[in-house]
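Spelled out from the first residue to the last, the chains are:
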Amino acid sequence: MPTPPFLVFHPTVHAALDAGRPLVALESAVISHGLPWPDNLALARRLEATVRAAGAEPATIALLDGKVHIGLSEAQLEHLATAKSVLKVSRRDFPVAFAQRRDGATTVAGTMIAAHWAGIRVFATGGIGGVHRTAGGGPSTDISADLPELARTPVIVVCAGAKAILDLPATLEWLETHGVPVVGYQTDEFPAFYSRSSGLKLEARADSPTEVAALARALWDSGLGGGMLVCVPCPAEAAQPADEMERAIAAAVQEAEERGIRGKDLTPFLLARVAELTHGESKAANLALLQNNAHVAAQIAIALAAN
Ligand code: PSU
Ligand code: MN
């Protein structure tokens, strides 16, 4: 496959791809829109270090001046973590970013697309987007572009489930309808992001990186295509009790509705508000699970590269 002309590879990423070494893609929306300064920059560095320590090459993905960067320098990371007018880039935002030469931070959907362009098959994030909830209870019509991307783009996404601010049952149903394999990593349940359990059972389970790699191979060799979601529960020492989180989430969802916050602003608003309402406890869990997912993703990338 020819390399699209709008891709710019960081030299270490380029070398790893050339040599067939394992790589892990990392998103940038969590840096620009998901976490406050300076936690965001510290986290971005820590995720890269975690992937490296596990024996794989990290590739943080973002747009700079309308080009898709696969792997960022230290200065570029810092720019993204501090710049004010960074576009949140999902599938539909790429043409805008290209034509208008914007700086952009990629969501799960955006990062999957770019990782696929670059030939990277494993991607670590915190929690995917999904079906939002209404303050009255039940699913909203706001459905993240992350979900259709999982149904179409062949990348393994390692996450701690869908963000708990969402309607988790509706999100799982959507994934089932659209044929996305959802695999519990050393668990039989769909994790609830900040909490290890949601009470929602999963049908597929893998207990090792090799087992995940075998599932991905089976998916792609069969020609079925599409992505796969690997769900890793938040590390026990950082996980939060679901009922406490639930109170903060319900309050944040209610406030978002009252203030008319929608579209791409909704998820960043909810994440920030829940972090405030839980006095940073949710942020600590968010950071811990992101790092753990990066570690597991590196192990999966190594298992995939080995056969
Ligand atoms: N997970 C986190 N923090 C985040 C996100 C995910 O722990 O900030 C971001 C991801 O980039 C995800 C996006 O793709 O939120 C979903 O946004 P939306 O609901 O607008 O699709
Ligand atoms: Mn949305």
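Residues numbered from 1 in each chain as written. Chains lettered and ligands numbered in written order. Predicted model: local features only at pLDDT ≥ 70, side-chain atom pairs only at ≥ 80, totals over all residues. Heavy atoms only, no water.

Draft legend 1. Here's a closer look at the overall build of the protein chain. Each helix and strand counted, the protein chain has 12 helices and 13 strands in total. The C-alpha atoms of the protein chain give a radius of gyration of 18 Å, which matches the 19 Å a tight globule of 307 residues would have. Considered along the principal axes of its C-alpha atoms, the protein chain spans approximately 50 × 40 × 35 Å. For the protein chain, long-range pairs separated by at least 24 residues make up 73% of all intrachain contacts whose partners lie at least 6 apart in sequence. Here the protein chain displays about 12,700 Å² of accessible surface, and carbon together with sulfur accounts for 53% of that area. Here the protein chain contributes 25 positively and 32 negatively charged side chains, and the mean placements of these two sets differ by 6 Å. (Helix = DSSP H or I, 4+ residues; strand = E, 2+ residues; numbered from the N terminus. Rg over C-alpha atoms; globule rule 2.2 N^0.38 Å. Contact = heavy atoms within 4.5 Å. Areas by Shrake-Rupley, 256 points an atom, 1.4 Å probe, with all protein chains shown as cover. Lys, Arg positive; Asp, Glu negative; His and termini not counted. Charge placed at Lys NZ, Arg CZ, Asp CG, Glu CD.)

Draft legend 2. Broad picture of the packing of aromatic side chains. For the structure shown, the criterion picks out six aromatic pairs. Three or more aromatic residues joined by ring pairs make a cluster, and in this case those are Phe6, Phe94, Phe98 and Trp117. (Phe/Tyr/Trp six-rings, centres within 6.5 Å; stacked < 30°, edge-to-face > 60°.)

Draft legend 3. Looking closely at the pairing of strand β3 (residues 57–64). Of all eight residues in β3, eight are buried; the element is thus mostly enclosed. Every second residue of β3 is oriented toward a common face, with Glu57, Ala59, Ile61 and Leu63 on one face and Pro58, Thr60, Ala62 and Leu64 on the other, all of them buried. Where strand β2 (residues 23–26) meets β3, four bridges bridge the pair, whose relative direction is parallel. By the bridge assignment, Ala25 is partnered in β3 with Ala59. For β3 and strand β4 (residues 67–70), the ladder comprises four bridges, and the chain directions are antiparallel. In the sheet register, Leu64 faces β4, and the bridge partner there is Lys67. The hairpin turn running from β3 into β4, its antiparallel successor, is two residues long, and Asp65 in that turn takes a positive phi close to 55°. Where β3 and strand β6 (residues 104–106) come together, two bridges link them in antiparallel fashion. From the neighbouring strand, Leu63 faces β6, where its bridge partner is Gly104. (Buried < 20%, exposed > 50% of the residue type's maximum accessible area, 1.4 Å probe, protein only. Pairing = 2+ DSSP bridges.)

Draft legend 4. Representation of the site of ligand 1 in the model. Taken together, 17 residues are adjacent to ligand 1, and Glu27, Val108, Ser144, Asp146 and Thr267 come closest. Measuring from an oxygen atom of ligand 1, one finds a side-chain N or O atom of Lys88 at 2.8 Å. A distance of 2.7 Å separates an oxygen atom of ligand 1 from a polar side-chain atom of Asp146. Burial of ligand 1 by the surrounding chains reaches 94%, relative to a free accessible area of 480 Å². Mapping ligand 1 onto the cavity grids shows that it belongs to the largest pocket. Elements with a minimum of two residues in the shell around ligand 1: α2 (29–34) and α11 (266–277). Counting residues per element, the shell around ligand 1 draws most heavily on α2, which supplies three residues. For the shell around ligand 1, the residue count by class is five nonpolar, eight polar and four charged. (Near = heavy atom within 4 Å. Polar contact = N/O pair within 3.5 Å; in protein donor to acceptor, adjacent residues only side chain to side chain. 1 Å grid on protein atoms, 1.4 Å probe; cavity = no way out; pocket = protein on both sides within 12 Å on 5 of 7 lines; lining within 4 Å. Sits in = over half its atoms within 2 Å of the grid points. Nonpolar A, V, L, I, M, F, W, Y, C, P; charged D, E, K, R; others polar.)

Draft legend 5. How the structure looks around the side chain of Glu27. Locating Glu27 in the fold gives a position in the loop between β2 and α2. Despite being buried, Glu27 has no salt bridge partner; Lys163 is the closest side chain of opposite charge, sitting 6.7 Å away. Within the structure, the side chain of Glu27 is placed 3.1 Å from the backbone nitrogen of Val30, a separation counted as a polar contact. Here Thr125 takes part through its side chain, which lies 2.4 Å from a polar atom of the side chain of Glu27. Once residues within four sequence positions are removed from consideration, Glu27 is found in contact with Thr60, Ile61, Thr106, Thr107, Val108, Thr111, Phe123, Ala124, Thr125 and Gly126. (Salt bridge = Lys/Arg side-chain N within 4 Å of Asp/Glu carboxyl O.)

Draft legend 6. Quick peek at the side chain of Thr171. Its place among the elements puts Thr171 in helix α8 (residues 168–177). With sequence-adjacent residues up to four places away left out, Thr171 is seen in contact with Gly130, Val131, Leu147, Ala162 and Leu166.

Draft legend 7. Main features of the environment of Glu149. Here Glu149 lies in helix α7 (residues 146–152). In this structure, the C-alpha to C-alpha distance between Glu149 and Met112, residues 37 residues apart in sequence, is 7.4 Å. In this view, Glu149 contacts Arg91, Ala109, Met112 and Ile113; residues no more than four positions away in its chain are not counted.

Draft legend 8. Local environment of the packing of helix α9 (residues 209–221) against helix α12 (residues 281–305). Contact pair α9 / α12: the axes reach a minimum separation of 8 Å and the direction vectors enclose 60°. Our classification of the angle between α9 and α12 gives oblique. Along this stretch, α9 crosses α12, giving a crossing that reads as right-handed. In this structure, α9 contributes Pro209, Thr210, Val212, Ala213, Arg217 and Trp220 to the contact, and α12 contributes Gln299, Ile300, Ala303 and Leu304. Of the residues in the contact of α9 with α12, the class split is seven nonpolar, two polar and one charged. (Axes fitted to C-alpha atoms, helices over the stretch in contact; angles between N-to-C directions. Parallel < 35°, antiparallel > 145°, perpendicular 65-115°, else oblique. Left-handed = near helix turned anticlockwise from the far one by under 90°.)

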